[in-house]
Amino acid sequence: MHAEENSSSTSPKASRCLSQKGSDPLEAKRNLTLLCCLAGEGLTPFGIGFRPKWLTALIAMTIIAIGTTNMVNNIGDADLWGHIQYGREVIADRELPVTASWTYAAPDAPWVNHENIAELWLATAYDGFGVWGLTLSKWLMSLAMIGLMVWGSRRLGASWLITGFVVYIVSDLLYLHWHFRPQALTYLGFVLLLAVWQGVFANWPAVLKNDATAISDFKKRMLWLWSLPFLMMFWANSHGGFAAGAVILVVYHALRCLEMVWCLPSEHRRMVVHLGAISLVSVLATLVNPYGVGLWQFMWMALTLRRTEIGDFQPLPLGSPEALMVGVLTVFIVLGALADKRRRDWVQLLLMGLLLWQGLSHARHIVIFAILCGFWLPGLLQGLVEWLGKRIQSPWENFASSPLAQKRFAAALIVVILFCGWRTYPSLREITVDKTFFPVAALEFMDEHDLRKRTFASFNWGQYVLGYFATHDEGLIAVDGRYETCYPRSVIDRYFDFMFGPHDPKNRFRSPSSPPYDPAWALGHGEPEVVLVERNSFGTEVLEAHANEWVLLYRDSVAQLWGRRTLFDDPTSKHFISPAQRRITDEPQSGHAQWPAFPNSSGSDGAEKLRLVEFR
């Protein structure tokens, strides 16, 4: 319970406590005080004091402000340029592309784009409102997610202190993955799914005890579950994470059905049919997409494909700060489950265990586990606190019972909210591009010499270069972050031969069906004219071994840019770049550029302006 009470009222739970403990007024007062402190009713997060509603709202706002401030992560993602460009093209053409675009490596390959809504969101937000459109829309999503977690926590009867603690840990974990990527809509979709469950399956233990009132209320609330097919339809067109959402939905509903079959008499088992029908329609709703069943076939192929080259699909490093936070959540789940069997929900515990295993196996999935904890862990923690409360008398029985103490506490909360706003506002004004990771200076050199050609750029830079080319409507790339959605595995493997080489088998998976290993293949396939690679990467060794065909045009601490000798090293060629014009240095790159980090250009009215922002 979390209803707000005034000093002259007593909750039913508190009344039962008083009646059970006898008629001694002092003893009754102490028991009521302790019960309220543990249940979180009418309290400040620190102890006793029956709260007015305005103070309750202020506490909720403070927790939400802390959580959303924790999640602010406005760093330019490697795929953001591409996502916006693809969304722009769909809006302009009013149709989805059938084959891969902006690539010479696989121009006729079919493109299964499972992120259409996400790309339309990113393109519309940026083209309509600039950087503010991107940052504010993502911030509003984080506001909705944290707000629903707070609502869900209070619905379980967790105190404000427990709610704030869980939100802080979960938002810290979310920060590490909260980028401008379609995954953001998967996280939002999962939060909405959990919020529906939190509302519908409230008071579930009473339903399983065959309480007539609880069953009647549950049947009415089940109608809200019919919103899930629409959610799954939206999700399936937003990001590939819908597959995980569909599996979780089916497992959760199936386990709830088993509980009903086991615990309820036969006359109530039609609820099992109802829940099963909702599950079936929700899964079928995912077929409402441009590819139909083909989307699921693609997802099955993608899920069974080893991706050792992508860090998010590797096991969670056990010594990382992320692993420490996961460990804290896991310990509290175990302690809460052991402490209070009344709050022990085996279905929830089973799902949390399965998602913890998935998160430890694939770092990207740890976010789903964290979100699940944001909704279900507060109830377990409340049970743990109540179990401890039987042995520990509250030291704050008389704290914050006066209006003056409440006003002082409110002032402190307002200071925290203002501090969160002060921390958040500058981050909403810009998206930063790390110059120690992205070839910002190399792109300036390419712009100076009009090197918008057939360019083989390193995998993580493909969409950055693509976005730059799109502002001039010329140039093609080899491969980029779309990965297997539009590039055959044989093509990806052969480009990775060049980028990664054979040196580290733990970070390199090559399909047995791909052609024989050949790192030089990428230099000839599609006849690239320019190659942009990381400094000191394996690819530079391949280029140096073929120096009779390629000439180094640019080098700094981050990137190397090579061009075909027949084009750029021949004085008779119109593309000739003399040795004096080449820039071969070891100049260190530091600081950040403001997104989109394109060079200043005079050749295109649509070119983006670059403003460098140095951070010390």
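The structure displayed is predicted, hence computed values, not measured ones.

The rules we used
Residues numbered from 1 in each chain as written. Predicted model: local features only at pLDDT ≥ 70, side-chain atom pairs only at ≥ 80, totals over all residues. Heavy atoms only, no water. Helix = DSSP H or I, 4+ residues; strand = E, 2+ residues; numbered from the N terminus. Buried < 20%, exposed > 50% of the residue type's maximum accessible area, 1.4 Å probe, protein only. Contact = heavy atoms within 4.5 Å. Areas by Shrake-Rupley, 256 points an atom, 1.4 Å probe, with all protein chains shown as cover. 1 Å grid on protein atoms, 1.4 Å probe; cavity = no way out; pocket = protein on both sides within 12 Å on 5 of 7 lines; lining within 4 Å. Points joined across faces, edges and corners; volume = space filled by probe spheres on them. Nonpolar A, V, L, I, M, F, W, Y, C, P; charged D, E, K, R; others polar. Arc of directions from axis to C-beta. Expected span 1.5 Å × (residues − 1). Bend = angle between axes of the 7 residues up to and from the residue. Core = buried A, V, L, I, M, F, W, Y, C linked by side-chain atoms within 4.5 Å. Pairing = 2+ DSSP bridges. Axes fitted to C-alpha atoms, helices over the stretch in contact; angles between N-to-C directions. Parallel < 35°, antiparallel > 145°, perpendicular 65-115°, else oblique. Left-handed = near helix turned anticlockwise from the far one by under 90°. pLDDT = per-residue confidence, 0-100. Salt bridge = Lys/Arg side-chain N within 4 Å of Asp/Glu carboxyl O. Polar contact = N/O pair within 3.5 Å; in protein donor to acceptor, adjacent residues only side chain to side chain.

Student: Explain the overall build of the chain to me, using residue names and the numbers behind them.
Tutor: The helix and strand inventory of the chain stands at 23 helices and nine strands. Expressed as a percentage of the 616 residues in the chain, the buried residues total 56%. Of the contacts formed within the chain by residues at least 6 apart in sequence, a portion of 72% connects residues at least 24 apart. Carbon and sulfur atoms provide 62% of the accessible area of the chain, an area that totals close to 27,500 Å².

Student: Quick rundown of empty space enclosed by the protein? Include the residues and the values.
Tutor: Under the criterion given, the structure shown has four cavities of 30 Å³ or more. Of the volumes computed, that of the largest cavity is approximately 70 Å³. In terms of residues, the lining of the largest cavity owes the most to one element, helix 4 (residues 80-93), which gives four residues. Residue classes in the lining of the largest cavity are distributed as six nonpolar, two polar and two charged. In this model, the second largest cavity occupies a volume close to 50 Å³.

Student: Give me helix 13 (residues 293-303): which residues, what numbers.
Tutor: Looking at helix 13, one finds that the buried residues are Leu295, Phe298, Met299 and Ala302. Down the axis of helix 13, the sector holding all buried residues measures 100 degrees, keeping them to one side. For helix 13, the exposed residues set more than 90 degrees away from the buried face come down to Gln297 and Trp300. Lining the buried residues of helix 13 we find helix 10 (228-236) and helix 11 (242-263).

Student: So what's going on with helix 16 (residues 366-389)? Which residues, and what values?
Tutor: If you check helix 16, its first and last C-alpha atoms are 32 Å apart, about what 24 residues at 1.5 Å a residue would give, namely 34 Å. Along helix 16, the sharpest kink reaches roughly 45 degrees, centred on Trp376 and followed within four residues by the proline Pro378. The buried fraction of helix 16 amounts to 21 of the 24 residues, a majority that puts the element mostly inside the structure.

Student: Can you tell me about the nonpolar core, naming the residues and giving the values?
Tutor: By size, the foremost hydrophobic cluster in this structure holds 178 residues, and its most contacted members are Phe190, Trp197, Leu225, Phe369, Ile371, Tyr495 and Phe498. Element by element, the count of residues in this core is highest for helix 16, at 14 residues. Excluding residues that lie within four positions of it along the chain, Leu225 makes contacts with Val196, Trp197, Val200, Phe201, His253, Leu275 and Ile278.

Student: Now, about the sheet that holds strand 7 (residues 583-584): what can you tell me, with residues and values included?
Tutor: Where strands meet in a sheet, backbone hydrogen bonds hold them as pairs that are either parallel or antiparallel. Judged by pairing direction, the sheet is mixed, and its six strands sit side by side in the order 3-2-4-6-5-7 without closing on themselves. Edge positions in the sheet fall to strand 3 (476-477) and strand 7, since each has one partner strand and no second. Pairing analysis gives five bridges linking strand 4 (residues 530-534) to strand 6 (residues 559-564), with the strands arranged antiparallel. From the neighbouring strand, Val530 faces strand 6, where its bridge partner is Gly563. Sitting on the sheet, helix 22 (residues 538-545) is in contact with strand 4, strand 5 (550-555) and strand 6, with an inclination near 140 degrees to strand 4.

Student: Go over the pairing of strand 6, please, and point to the residues and values.
Tutor: Of all six residues in strand 6, six are buried; the element is thus mostly enclosed. Pairing between strand 5 and strand 6: five bridges, direction antiparallel. Among the inter-strand pairings, Tyr554 is bridged to a residue of strand 6, identified as Leu561. Here strand 5 folds back onto strand 6 in antiparallel fashion, the turn holding three residues.

Student: Could you give me a rundown of the packing of helix 18 (residues 440-448) against helix 19 (residues 462-472), with the residues and numbers involved?
Tutor: Here helix 18 crosses helix 19 at 30 degrees, and the two axes come no closer than 12 Å. Classed by the angle they form, the pair helix 18 and helix 19 counts as roughly parallel. When the axes of helix 18 and helix 19 are compared, the crossing they make is right-handed. Where helix 18 abuts helix 19, its residues Val440, Leu443, Met446 and Asp447 lie against Tyr464, Val465, Tyr468, Phe469 and His472. Each residue belonging to the contact of helix 18 with helix 19 can be placed in one class, and the counts come to seven nonpolar, one polar and one charged.

Student: Explain the confidence of the model for the chain to me, and be specific about the residues and the numbers.
Tutor: Low pLDDT marks stretches whose predicted atomic positions should not be read closely. In the predicted model, the chain carries a mean pLDDT of 85, and 85% of its residues have values of at least 70. Low pLDDT, under 50, characterises residues 1-50; the predicted model gives this stretch 92 contacts beyond four residues in sequence or across chains. In the model, residues 601-616 has pLDDT below 50 throughout and makes 41 contacts with residues more than four positions away in sequence or in other chains.

Student: Could you give an account of the pattern of salt bridges, with specific residues and numbers?
Tutor: The final tally for this structure, using the stated rule, is 17 salt bridges. Among the ionic pairs, Arg342 bridges to Glu386, the shortest N-O distance being 3.3 Å. Here Arg342, found in the loop between helix 14 (321-339) and helix 15 (346-361), pairs with Glu386, found in helix 16; they are 44 residues apart in sequence, far enough to count as distant. Classification of Glu386 by relative accessible area gives buried; the value is 14%. For Arg452, the salt bridge goes to Glu474, with nearest N and O atoms at 2.8 Å. Taken as a pair, Arg452 in the loop between helix 18 and strand 2 (454-457) and Glu474 in the loop between helix 19 and strand 3 lie far apart in primary sequence, 22 residues in all. For Arg452, a relative accessible area of 10% puts it in the buried group. Relative accessible area serves as the criterion here: at 36%, Glu474 is assigned to the partly exposed category.

Student: Quick rundown of the environment of Arg88? Include the residues and the values.
Tutor: Summarising the element assignment, Arg88 is placed in helix 4. The class for Arg88 is partly exposed, based on a relative accessible area of 26%. Counting along the chain gives 34 residues from Arg88 to Leu122, while the straight-line C-alpha distance between them is 9.0 Å. At 2.8 Å, the side chain of Arg88 and the side chain of Asp127 are in polar contact.

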